[in-house]
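One-letter residues, chain by chain:
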Amino acid sequence: MKIVMALSGAFFVLYVLAHMYGNLKMFAGQEAFDSYAFHLRELGEPILPYEGALWLIRVALVGALFAHAGSAFYLWKRANEARRTRYAVKRAAAASLSSKTMRWGGVTLLLFLAFHLMQFTFHTFEVGGSFLGPYDRVYGAFQVWWVVAIYLAALGALGMHLKHGVWSAAQTLGLTSTPRAARHAKATAVATGVVVAGGFALPPLSILLGLI
Ligand code: HEM
């Protein structure tokens with residue numbers, strides 16, 4: 001189950017890196033961003049139908065989500081059943097804090113994802129006006145300070161989740177067995193969290209501050 005968590009988590013890391021890179025095209029202007037959003041739908045054509053690659057990615061993401069959350073739930077339940085009585089003194093305070101952060105961080109990210117998809121994919125609501133295209137929609141949304149605040153809070157949770165997650169995955173996959181390997185794994189974990197959270201935060205902050 002830990003290997004399932006590690007592999008599905010690795011897939012999410014690749015996805016968020018690609019998504020973050022795409023979002024940075026906001027800095028290249030409206031035409032570049034809108035044409036990127038359009039070409040995403042043409043990916044793999046003519047071998048795949050229009051939006052075919054996008055749908056493959058969506059199905060893989062939903063599968064990975066079930067695998068990741070399902071194995072997290074299974075491991076949590078097994079750990080709970082292993083000890084029905086509470087410890088008189090809780091020794092692993094640090095480990096338990098980080099696993100609690102993972103659990104609640106994961107739930108926070110799920111709630112954020114629901115909000116995010118309603119906003120940008122399903123267009124259930126539009127903050128800051130009504131928009132014609134992807135650039136317009138992102139630009140309008142991040143003029144609103146509380147939308148930026150929600151994103152920054154979610155990105156904080158994402159950064160921490162990635163840091164803990166990459167480190168745990170490295171342990172599961174046996175990549176921390178020597179002090180040198182452990183140092184590399186820790187550095188990779190911190191860098192992943194900082195790069196992803198920081199890269200995602202750049203467009204909303206720049207829009208709010210009038211830099212885009
Ligand atoms: C500032 C941060 C972010 C911005 C500006 C942003 C922007 C967008 C936009 C514009 C779309 C719609 C794309 C389209 O339909 O062409 C989208 C979709 C999506 N975003 Fe984000 N996003 C951000 C952060 C995130 C994060 C942190 C995650 C994951 C944890 C995420 C996951 C997704 C997913 C799963 C989709 C649906 C893709 C699809 O199936 O069409 N996004 N995002």
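Residues numbered from 1 in each chain as written. Predicted model: local features only at pLDDT ≥ 70, side-chain atom pairs only at ≥ 80, totals over all residues.

S.K.: I'd like a description of the overall build of the protein, backed by residues and values.
M.R.: From N to C terminus, the protein includes 7 helices and 0 strands. Its helices and strands taken in sequence order, the protein reads α-α-α-α-α-α-α from the N to the C terminus. Projected onto the principal axes, the alpha-carbon positions of the protein cover approximately 60 × 45 × 35 Å. (Helix = DSSP H or I, 4+ residues; strand = E, 2+ residues; numbered from the N terminus.)

S.K.: Summarise the nonpolar core; cite the residues concerned and give the values.
M.R.: Of all hydrophobic cores here, the largest spans 16 residues; its most connected members are Leu158, Val166, Ala170 and Val196. Elements with a contribution of two residues or more to this core: helix H1 (2-23), helix H6 (145-172) and helix H7 (179-208). For this core, the leading source of residues is H6, giving 9 residues. (Core = buried A, V, L, I, M, F, W, Y, C linked by C-beta atoms within 7 Å. Buried ≥ 20, exposed ≤ 12 C-beta atoms within 10 Å, placed from the backbone.)

S.K.: Tell me what's going on with the site of the ligand, and back it up with residues and numbers.
M.R.: Surrounding the ligand, one finds 19 residues, the nearest of these being Ala37, Arg58, Phe120, Thr121 and Phe200. No other element matches the 5 residues that helix H4 (residues 93-120) contributes to the shell around the ligand. Taken together, the residues of the shell around the ligand sort by class into 14 nonpolar, 4 polar and 1 charged. (Near = placed C-beta within 6 Å. Nonpolar A, V, L, I, M, F, W, Y, C, P; charged D, E, K, R; others polar.)

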